[in-house]
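# Structural overview for review
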Amino acid sequence: MPSTKINQRMRALALARDCASLGARVRTIHHITGMRPRELLNLLFSSRTPPPRGRAPDTREWYHNANLLYRIEASIVTANFLRMRRMGFQAPEALIAAYRYYQSVCQPPSRISFDRAFDLAAHTEGLWIAKSPSFHLVSCLRCGSEFLDAIGSASTAVRPCPFCQLLERHGRDPRLATSVVDAPPLFEDLVVHLSPVLTATGDADGDTPFTSLPFPPVKH
Ligand SMILES: [Zn+2]
């Protein structure tokens, strides 16, 4: 086998293992690596470690009914995926790095599965399973946060983004205020990361959007 072929094969295998370790379905790993489903089943799964079952997520219908925290976490994953892409990483590596980063920021259990993250990335960039993008990343005109939105949705000038909604509810809803005190860990995390936005409220130059978290150094 020529060495480029061997390198491609090694890369595909490494990617497949990474995806499986993050809980990916065989279908997802197949799209990301190009390896055949039968081969992936044999290599990565066994009766003791069976592959994830059930219907793969379809983000296009899901996003519109997803609750606020799901939409916020979807925005975090997708924003970091696109950031990695702009830095020049190939889509599989960008997705895996963005997902690991998301897991490090938001405590378990993760609201966004790796399969969901794959579907979000695919439908935002128009790759793998998607012929064209259905979503894009938008900067909120009110708070400056980057968030995921369906292409063609109304501007945030007329409707609050998920981060604005969280801030509004946090200030208004006594149940959310209580829940911050006795700490669902994720919400605490979110508030910590939102604090630059909170302090920027009312400041037109507030330029520290939530998704501009310091990015961990990339290992090669
Ligand atoms: Zn906003």
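Residues numbered from 1 in each chain as written. Predicted model: local features only at pLDDT ≥ 70, side-chain atom pairs only at ≥ 80, totals over all residues.

### Observations regarding the confidence of the model for the protein chain
Counted only if it meets this: Per-residue confidence from the predictor is reported as pLDDT, a score between 0 and 100. Once C-beta atoms are placed from the backbone, any two residues with those atoms within 7 Å are in contact.
Confidence in the prediction for the protein chain averages 81 pLDDT; 77% of positions are at 70 or higher. Here residues 177-220 scores under 50 on pLDDT; set against residues more than four positions off or in separate chains, the count is 47 contacts.

### Focus: the pairing of strand E2 (residues 146-150)
In plain terms, the rule: Counting other C-beta atoms within 10 Å of a residue's C-beta gives its exposure: the residue is buried at 20 or more, exposed at 12 or fewer, and partly exposed in between, where C-beta atoms are placed from the backbone. Helix and strand assignments come from DSSP, with helices taken as H or I runs of at least 4 residues and strands as E runs of at least 2, each series counted from the N terminus. By definition, two strands form a pair when at least two bridges between them are found by DSSP.
Most of E2 sits inside the fold, with four of its five residues counted as buried. Relative to E2, strand E1 (residues 135-139) is paired through five bridges, and the arrangement is antiparallel. Its bridge partner being in E2, Leu-137 is matched across the sheet by Leu-148. The turn joining E1 and E2, which pair antiparallel and follow one another in sequence, is formed by six residues; a positive phi near 85 degrees is taken by Gly-144.

### A short note on helix H5 (residues 68-86)
The α-helix winds at 3.6 residues per turn, so residues separated by three or four positions along the chain end up facing the same way. Quick reminder of the rule: Multiplying one less than the number of residues by 1.5 Å gives the expected span of a helix.
In this model, H5 (19 residues) spans 27 Å end to end at C-alpha, consistent with the 27 Å of a helix rising 1.5 Å per residue. In the stretch just after H5, Gly-88 is the one whose phi turns positive, near 105 degrees.

### Things to note about the nonpolar core
Short version of the rule: Among buried residues, those of type Ala, Val, Leu, Ile, Met, Phe, Trp, Tyr and Cys that are joined through C-beta atoms within 7 Å form a set called a nonpolar core.
Core analysis: the largest hydrophobic core is formed by 43 residues, its most contacted members being Cys-19, Val-77, Leu-95, Ala-98, Tyr-99 and Ala-117. For this core, the secondary-structure elements that each account for two or more residues are helix H1 (3-21), helix H2 (26-33), H5, helix H6 (91-105), helix H7 (114-125), E2 and helix H8 (162-172). No other element matches the eight residues that H5 contributes to this core. Once residues within four sequence positions are removed from consideration, Leu-95 is found in contact with Phe-81, Ala-117, Phe-118 and Ala-121.

### Comments concerning the environment of Thr-78
Relative to the assigned elements, Thr-78 resides in helix H5. Sequence-wise, Thr-78 and Tyr-99 are 21 residues apart; in three dimensions their C-alpha atoms are separated by 8.9 Å. The contact partners of Thr-78, leaving out residues within four places of it in the chain, are Leu-120, Ala-121, Thr-124, Leu-137 and Leu-148.

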